[in-house]
Structures are given as structure tokens and as C-alpha cells.
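So you can see what is in the structure, the chains are spelled out below.
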Amino acid sequence: MRRKIALPLALVAAVTVAATACTSSSSGGPAGASPGQDAKNAAKVASSVADYNPQPYENTKDGGTYTTAGTFDEQGNPFNVNGTLNSLRIWSWYNAVAITYSPTGEVQYNPDYYSDVKVSVEGGDQKVVLTLNPKAVFNDGTPIDWRAIEATWKANNGSDKDYAAYSTDGYDRITSVTRGTDDKQAVIAFKGVNASWSALFTTFLHPQAATVDNFNKAYVKTAHPEWGTGPYTVGTWDDHSGNITFVRNPAWWGRTGKLDKRVYVNLESAASINAFKNGEVDYAPVGTAENLQQVKTVKDAEIRSGGSPFEYSLYLNTKSPLLGDVQVRKAVQESIDRAQIAKIRFQGLDYTESLPGSAVLYSFQQGYQDNVAAVLKYDPEEARKTLDAAGWKPGADGIRAKDGKQLELGYTLLGDGPIEKATAGAFTAMLKTVGVKVDVNKVSENDFSKVLSERRFDLFISGNRSTDPFGARYLCDFYCSDRDSNISGSGSPELDKEIRATAEIADLAQQVAAVNKLEQKALQQYALLPLYSGPSTYGIRKGLANVGATIFYSPLPETIGWQK
């Protein structure tokens, strides 16, 4: 699952990555066990380290409270197109966490939900048999059985366009979900082979939540704990303050959650550092040198820093009148000094990285190519020539105009942190040198979902975080013209067809090669420009277990707590 996130580093963002594969047959085991891997298709291990104070369940205290800054987003259903990384994080505290991944991407099945998993291939088509834990029930007493898997598939497979689904990729290649030997077994049939199938059912929907109306509207600014499950459930959900508290779930059949309470307090990201210093929260993302120095002075705190499955990109809204011209978009991207933007973002953090070359793959992954460099280079002089050829002539003030209209674009700034402001200023200065005027429009971080869903921007930085290790499967989310997740609005039906054909490639190495080729073609729409990833760095109260820089790992909620 790939999740969009807002600009401020305090909200933590990233991109999907590829390409670990299940073998054609595997069995479920205890959480932490991983299936075998086809050596030819195995991903390289991330070069960055994980840093999260890993502790076994038995070494974590019973009781205590874990508090962070955060609140609910407009859309709380993570399967919905307007769902965000934050939506998924909140969701995971009171809904199923059925499949997770190790820091380097191996699949882990949670036996509290999936007591057995078998994958086979017959006649070129894959079949997955999920046996669900006989004790597993939703909080309202509804059994968690094959109907939950079926409902999740039907809501996300794209066959009913009334569902505003985040991504249909993978779900659209399932031909059926049927009852197995009993209600507690789901048989999932695929057309062809899908090595990344596990990403489709890391969590699932209550069948009642999977109607069109409930899928699209029921979770807007509210929770439905009765449709949830897991070691925690909603204690308070304050519409006025935005604060949320999760408490132990009396209906849970698995290991008891270690915490008495998991609390989110509604604070702007910029305020989280002060709250951390004052002892009001136990965790604060660190995105600037100033914040890093402040956190270092906090008693009983430590810095945890490691791998970063995030990537931020500059999006150009192709539906904006002036950016509908691909030549204008090309000139804008040619004017952007990405190295300078990265320098601003990482100043004082003692961190450097190569410029990202893909929206779907990382440089440490097998098959990665620098697709951006293949189609674009920073060249303001070339940008001027591009605009000259497109009929945009400089005026007396240096700003270009055409048909009596100035080349004036809006840059939507989310939040008011100093680095965000400096980044906006850098874009403004870079584009001014080629004759493009930029107006910076500040909006609240709480409007992030609306900015995306309503395309309230000309230029906008947004990030993506991967919650699974399969990157190539998300090419369509970034570049297909008929995807709501493609927030630039770029693409064409012809390109869509080519992109979707990559999903039919069973061999992951061949699939990645095809994705690289098509991404270079898609990048020539000049609607998306990868900018940077950055480290995952956090200020964390000493003794907090299983929290920090986890790369692909999502610790089960019941294991998070305070070390003995």
C-alpha cells in the first residue's frame, strides 16, 4: 500500500519500493516468520539501518501511555482515494494488521488473523488460500471470514466506478474470492501471477463498511470501532479538539496490548518539538537541524535515525490553464535545481543522498535506474529557449507573457515551518530567472486532503510512503490518466494501456525493466519531478519499545510500549 503525505518532514513521507517475491507456494507461520524467496527476484537489502529499539513482547511493561502529535484526517478509510498515510496509521490502531513486512521487506503473516497461507500456481494462474483464525471477529460480533476478504476485493477492484478506491492495481487481477472448506477459508483466484499479492490484504474491511456509501463517506472525520478489530479500540474521538485515545479492546482474542492508552493530541507538526521538550508527547519527527539540536537537549530522550522509505516530488497540475502546455511544464522542471532544494532540506543534518531518479524504485533496489536523468537535466538556459519557442516572451519586468497573459503560477505551501518557507522561496527565485512568476499560497496542514482531491494547486510538493516492499506495481498510481491518485492529472489512454501491461509480467526482474522503460516515457509529460527522500529521524522518550526508524516494518500494536 502506498500512502500520500504532506510536505512538512514532521509528517514523514515516502515512496513505494520493489521487489521481494513470495515463492509459488508458502505456508503461514507466526508473525515474524517469512516465506522463502526466489533468489533471482529478491530485493537488495536496504543500505540504511533500522533504529527502533526492538524488544520482544515479554520485555515490554504492562501499562503506561504512549502519546504523539496527530489527529484524524478528512477521510479515515485508507482504501479510499483520499486516504493518507495518517489515515492508515490511525486505522491500524483499531483495525486489523494482518500482514506486515520486516525492515528489509520479507512478508510476515499475523496468526491472529491468518492462521495459514498457501500460494500455488496452476496453468499459469495463481491461487492464494487464506485460512482465517477461528477466533477472529469484528468488534460487533461479525465473524472475520471469507466475506471480509471478498468485500475488500469488490470495493477495490474497479468494477464498480462508484467506489472511490485509492488503487485497483492487483485487485483488478483477481477473478474471484470464494468460500473454501468453510467460512473461515478464503480462496483467491488470480489471472496470471501476482508476486506482490500480500500487499492487497495487509488489512481488510468489515463487509458493512464495504458498501459504496460507507466506503466513500462513513469514515469522513469519524471512526467506526464497531467495524474494527484488534488489541485496541477507540476510547475517545473528539470532533472538537481533534484528540484521539485508543484503549485495550475487551473483544480481542490475541495477546493483550501492552499500553493502557495510545493517545494522539491535535498539534500542528511545527508544535510537536516543543510538546516533546515539555514532556507532552513521547515522540517527535525531526526534520531540521534546529529541531535536532533541541531534541538533543531533552532529558530522558534519544535520537533514533535510520532508513527512509519516503520520497517527495514536485507535482505540476496539468489541469491548470497555464500548465496544460507540456512545454511550459518542461521549462519549469528544467529550471529546478534539485540539488539546491535537497541542500535546503538537509542543512545541518549531516546527511547527503543522490538525487532520486524514479517515483517507484529506490537507488538501493535491484533494477533501479535513474529515469529522471534520462529525460531531464537542470538547465535554465534551455528552459528559456523552451519558453521562447512556446511563444512566451519576457516583459519589461522580466516576467514572460503570451496573448496578454503573464506566466504566473501558484505554489501551494502547506504549513509555515522555516524550511518549508525556504523551499518555497527557492522555487520562486529559480523560476523567476527564466521569466516565471510564482505566487506562494499558504494553506493549513489540515487542508492537505482537499488540496489533493480538489487539485487546489499549480505547483505542490507531496510525498509518498510505502507500507509494502513492492514498487513496480504502483506505476499506474503515479502516471495513469484515469487514476485519482495521479494528482497531476497527466497521462493518456495510450500510455495507460502500456503501463497496465506491465502488471501481466510474472517475472519481477522483467517487470522492473519494463517499468523503468515506461517511467522514462511517462516522465516526459513533465508533470512529476522526484526531489528527495531524506532520513527517518525522531526524538523519542527513552525506554519506548518498537518505535522509530523501521523502514518497511510495522510493529504490531500490542508490542508497542515501555521497555522493562
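Whatever comes next refers back to the structure up there.
Residues numbered from 1 in each chain as written. Predicted model: local features only at pLDDT ≥ 70, side-chain atom pairs only at ≥ 80, totals over all residues. Heavy atoms only, no water.

### A few points about the overall build of the chain
Let me state the cut-off plainly: In this description a helix means any DSSP run of H or I spanning at least four residues, a strand means any run of E spanning at least two, and both kinds are numbered starting from the N terminus. Computation of the radius of gyration draws on C-alpha atoms alone. For the globule rule, the value is 2.2 Å times the number of residues to the power 0.38. Each residue is assigned to one of three classes by its accessible area relative to the maximum for its type, calculated with a 1.4 Å probe on protein chains only: buried under 20%, partly exposed between the two thresholds, exposed over 50%. The contact criterion used throughout is that any non-hydrogen atoms of two residues lie within 4.5 Å. Here, Shrake-Rupley sampling with a 1.4 Å probe gives the accessible areas, and only protein chains in the shown set may cover a residue. Under the convention used here, Asp and Glu are negative, Lys and Arg are positive, and both His and the chain ends fall outside the count. For the purpose of locating charges, the reference atoms are NZ of Lys, CZ of Arg, CG of Asp and CD of Glu.
Per the secondary structure count, the chain includes 14 helices and 24 strands. Here the chain has a C-alpha radius of gyration of 23 Å; the compact-globule value for 564 residues is 24 Å, and the two agree. Each principal axis of the C-alpha distribution contributes one length, and for the chain these read about 75 × 60 × 45 Å. Within the chain, the fraction of its 564 residues that count as buried is 60%. Taking the intrachain contacts of the chain between residues at least 6 apart in sequence as the baseline, contacts between residues at least 24 apart amount to 73%. Split by element, the accessible area of the chain, about 21,000 Å² in all, is 49% carbon and sulfur. Here the chain holds 58 positive side-chain charges and 63 negative ones, and the gap between their average locations is 2 Å.

### Here we look at the packing of helix H13 (residues 493–501) against helix H14 (residues 508–523)
Here is the rule we go by: A fitted line through C-alpha atoms serves as each axis, taken over the contacting stretch for helices, and the angle formed by two N-to-C directions is quoted from 0 to 180°. Roughly parallel means an angle under 35 degrees; roughly antiparallel, over 145; roughly perpendicular, 65 to 115; everything else is oblique. Two helices that cross are described as forming a left-handed crossing if the nearer one is turned anticlockwise from the farther one by less than a right angle, and a right-handed crossing if clockwise.
H14 packs onto H13 with a crossing angle of 160° between their chain directions and a minimal axis gap of 10 Å. One way to sum up the angle between H13 and H14 is to call them roughly antiparallel. Once H13 is placed against H14, the crossing between them reads as left-handed. Residue-level inspection shows Leu-495, Glu-498 and Ile-499 of H13 in contact with H14, the latter providing Leu-518, Lys-521 and Ala-522.

### Some words on the environment of Ile-461
By the secondary structure assignment, Ile-461 is in strand E20 (residues 459–466). Judged by relative accessible area, Ile-461 falls into the buried class, the value being 1%. C-alpha separation for the pair Ile-461 and Val-121, spaced 340 residues apart in sequence, amounts to 42 Å.

### Some details on the sheet that holds strand E8 (residues 185–190)
Put simply, the rule reads: Any two strands with at least two DSSP-identified bridges between them are counted as paired.
Pairing within the open sheet is antiparallel, and its 4 strands lie in the order E5-E6-E8-E7. Both outer strands of the open sheet, strand E5 (114–122) and strand E7 (174–179), are each paired with one neighbouring strand and no more. Taking each pair of neighbouring strands and ignoring which way they run, the sheet shows an average axis angle of 15°. Sheet analysis places E7 next to E8, joined by 5 bridges and oriented antiparallel. Paired with Arg-179 across the bridge in E8 is Ala-186. In the packing of helix H2 (residues 146–156) onto the sheet, contacts are made with E5, strand E6 (125–132), E7 and E8, and the angle to E7 comes to roughly 160°.

### Details of helix H9 (residues 380–389)
Spelled out, the test is: Arc, as used here, means the arc of the directions from the helix axis to the C-beta atoms.
When H9 is considered as a whole, its buried residues turn out to be Pro-380, Ala-383, Thr-386 and Leu-387. All buried residues of H9 fall inside an arc of 110° around its axis, so they share one side. Buried residues belonging to H9 abut helix H6 (326–334) and strand E16 (400–402).

### Description of the packing of aromatic side chains
As a reminder of what qualifies: What counts as a ring pair is set by centres within 6.5 Å for rings of Phe, Tyr and Trp (its six-membered ring), and what kind of pair is set by the plane angle: stacked under 30 degrees, edge-to-face over 60, tilted for all other angles.
Applying the stated rule across the entire model yields 28 aromatic pairs. Seen from their ring centres, Trp-93 and Phe-246 are 6.5 Å apart, and the 20° between their planes marks the pair as stacked. A residue pair is termed long-range when its members are at least 10 positions apart, and Trp-93 in the loop between helix H1 (85–91) and strand E3 (99–101) and Phe-246 in strand E10 (residues 244–248) qualify at 153 residues. When sorted by exposure, Trp-93 lands in the same class as Phe-246, which is buried. Look at Tyr-94 and Trp-237: their rings are 6.4 Å apart centre to centre, the planes differ by 65°, and that puts the pair in the edge-to-face class.

### Details of the pairing of strand E21 (residues 528–532)
E21 sits mainly inside the fold: 5 of its 5 residues count as buried. With 4 bridges joining them, strand E14 (residues 310–316) and E21 adopt antiparallel strand pairing. Residue Tyr-315 lies in a different strand from E21, and its bridge partner there is Leu-528.

### Quick word on the pattern of salt bridges
The cut-off we apply is this: By definition, a salt bridge exists where a carboxyl oxygen of Asp or Glu is found within 4 Å of a side-chain nitrogen of Lys or Arg.
Considering all chains together, one arrives at 22 salt bridges under this definition. The salt bridge partner of Lys-521 is Glu-498, with a shortest N-O separation of 2.6 Å. Highlighted residues: Lys-521 in helix H14 and Glu-498 in helix H13, separated in sequence by 23 residues. Overall, the relative accessible area of 42% leaves Lys-521 in the partly exposed class. Each of the salt bridges in this network shares a partner with another, and the network as a whole consists of Asp-145, Arg-147, Arg-179 and Asp-183.

### Some points on the state of the cysteines
Each disulfide consists of a covalent bond between the sulfur atoms of two cysteine residues. Our working rule: We call a pair of cysteine sulfur atoms a disulfide when they lie within 2.5 Å.
In this structure the tally under the stated criterion is 1 disulfide. Each sulfur in the disulfide pair Cys-476 and Cys-480 lies 2.0 Å from the other. Torsion about the S-S bond of the Cys-476 and Cys-480 cystine: about -110°, corresponding to left-handed handedness. For the pair Cys-476 and Cys-480, one class covers both residues: buried.

### Here we look at the nonpolar core
Put simply, the test is: To qualify as a nonpolar core, a set must consist of buried Ala, Val, Leu, Ile, Met, Phe, Trp, Tyr and Cys residues joined through side-chain atoms within 4.5 Å.
Grouped together as the largest cluster of nonpolar side chains are 148 residues, with contacts concentrated most on Tyr-114, Trp-197, Phe-201, Phe-204 and Leu-314. Apart from the residues lying within four places of it in its own chain, the contact partners of Phe-204 are Phe-79, Trp-91, Ala-96, Ala-98, Tyr-113, Tyr-114, Phe-138, Ile-144, Ala-148, Ile-149 and Thr-152.

### Digging into the side chain of Arg-173
Going by this rule: We define a polar contact as two N or O atoms separated by no more than 3.5 Å, with the added condition that, inside protein, one atom must be a possible hydrogen donor and the other a possible acceptor, whereas residues neighbouring each other in sequence contribute only through side-chain atom pairs.
Position of Arg-173 among the secondary structure elements: in the loop between H2 and E7. A distance of 3.3 Å separates a polar atom in the side chain of Arg-173 from the backbone oxygen of Val-193.

### Focus on the sheet that holds strand E9 (residues 232–237)
Taken together, the 4 strands give an open sheet; going across it, the order is E2-E11-E10-E9, and neighbouring strands pair in mixed fashion. Both outer strands of the open sheet, strand E2 (65–69) and E9, are each paired with one neighbouring strand and no more. This sheet shows a mean twist of 20° between the axes of neighbouring strands, independent of strand direction. Across 5 bridges, E2 lies against strand E11 (residues 261–265) in parallel orientation. Pairing of Thr-65 across the sheet is with Lys-261, part of E11.

### Observations concerning the environment of Phe-460
Take Phe-460: it is sitting in strand E20. Leaving out residues up to four positions away in the same chain, Phe-460 has contacts with Ser-313, Leu-314, Tyr-315, Thr-412, Leu-414, Phe-448, Val-451 and Leu-452.

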